[in-house]
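Structure assessment
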Amino acid sequence: QVQLVESGGGLVQAGGSLRLSCAASGRIFSINAMGWYRQAPGKQRELVATITSGGSTNYADSVKGRFTISRDNAKNTVYVQMNSLKAEDTAVYYCNAEVRTSYIFGYSLYWGQGTQVTVSS
């Protein structure tokens, strides 16, 4: 019904930048919050940043001042600009979105398949 597809991951040197994108498609009536999470090897998935439909943002302390989340509601797309990357930012990055597929349904949470970000030191 709803698909989230991430793009923009890759290999970058420490101090560099990457911009991830996540586009939602399918049966979409409305989208509430969207977010980015990450999971490093051997660790639990953790919050990176979230953004509401109105543009309010929330960041993990570890990325504040370095990452910026944004969204384009017309394109059902969320972005995260990642600057000053560190080796500890290496992880698989996942996006999610609270999506309503019809006016008669509530919001359900959907996840993308993940994109690898590797920061070399």
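Scroll up to find the structure this text is about.
This report concerns the structure included in the present document. (Residues numbered from 1 in each chain as written. Predicted model: local features only at pLDDT ≥ 70, side-chain atom pairs only at ≥ 80, totals over all residues. Heavy atoms only, no water.)

Digging into the pattern of salt bridges
- For the structure on display, the rule yields 4 salt bridges.
- A salt bridge links arginine 38 to glutamate 46; its shortest N-O distance comes to 2.7 Å.
- The residue arginine 38 makes a salt bridge to aspartate 89 at a minimum N-O spacing of 2.9 Å. Taken together, the residues span a long stretch of sequence, with arginine 38 in strand β4 (residues 30-39) and aspartate 89 in the loop between β8 (77-82) and β9 (91-100) at a distance of 51 residues. In terms of burial, arginine 38 and aspartate 89 fall into one category: buried.
- In the salt-bridge network here, residues are joined through shared partners; they are Arg38, Glu46, Arg66 and Asp89. (Salt bridge = Lys/Arg side-chain N within 4 Å of Asp/Glu carboxyl O. Helix = DSSP H or I, 4+ residues; strand = E, 2+ residues; numbered from the N terminus. Buried < 20%, exposed > 50% of the residue type's maximum accessible area, 1.4 Å probe, protein only.)

Here we look at unusual backbone geometry
- Even without being a glycine, asparagine 76 presents a positive backbone phi close to 50°.
- When you line up the elements, asparagine 76 lands in the loop between β7 (67-72) and β8.
- Residue serine 84 is not a glycine yet carries a positive backbone phi of 50°.
- Using a relative accessible area of 41% as the deciding quantity, one classes serine 84 as partly exposed.

Section: the packing of aromatic side chains
- For the coordinates displayed, the defined rule picks out 1 aromatic pair.
- A centroid spacing of 5.2 Å and a plane angle of 65° characterise the contact between tyrosine 37 and tryptophan 111, whose relative ring orientation is edge-to-face. With a gap of 74 residues between them, tyrosine 37 in strand β4 and tryptophan 111 in strand β10 (residues 108-111) connect regions that are remote in the sequence.
- Residue classification places tryptophan 111 among the partly exposed residues on the basis of a relative accessible area of 35%.
- Of note, arginine 19 hangs over the ring of tyrosine 79, and the distance from its end group to the ring centre comes to 4.0 Å.
- The ring of tyrosine 107 carries arginine 100 above its face, with NZ or CZ at 5.9 Å from the centroid. (Phe/Tyr/Trp six-rings, centres within 6.5 Å; stacked < 30°, edge-to-face > 60°. Lys NZ or Arg CZ within 6 Å of the ring centre and 35° of its normal.)

Taken by themselves, the reported measurements are silent on function.
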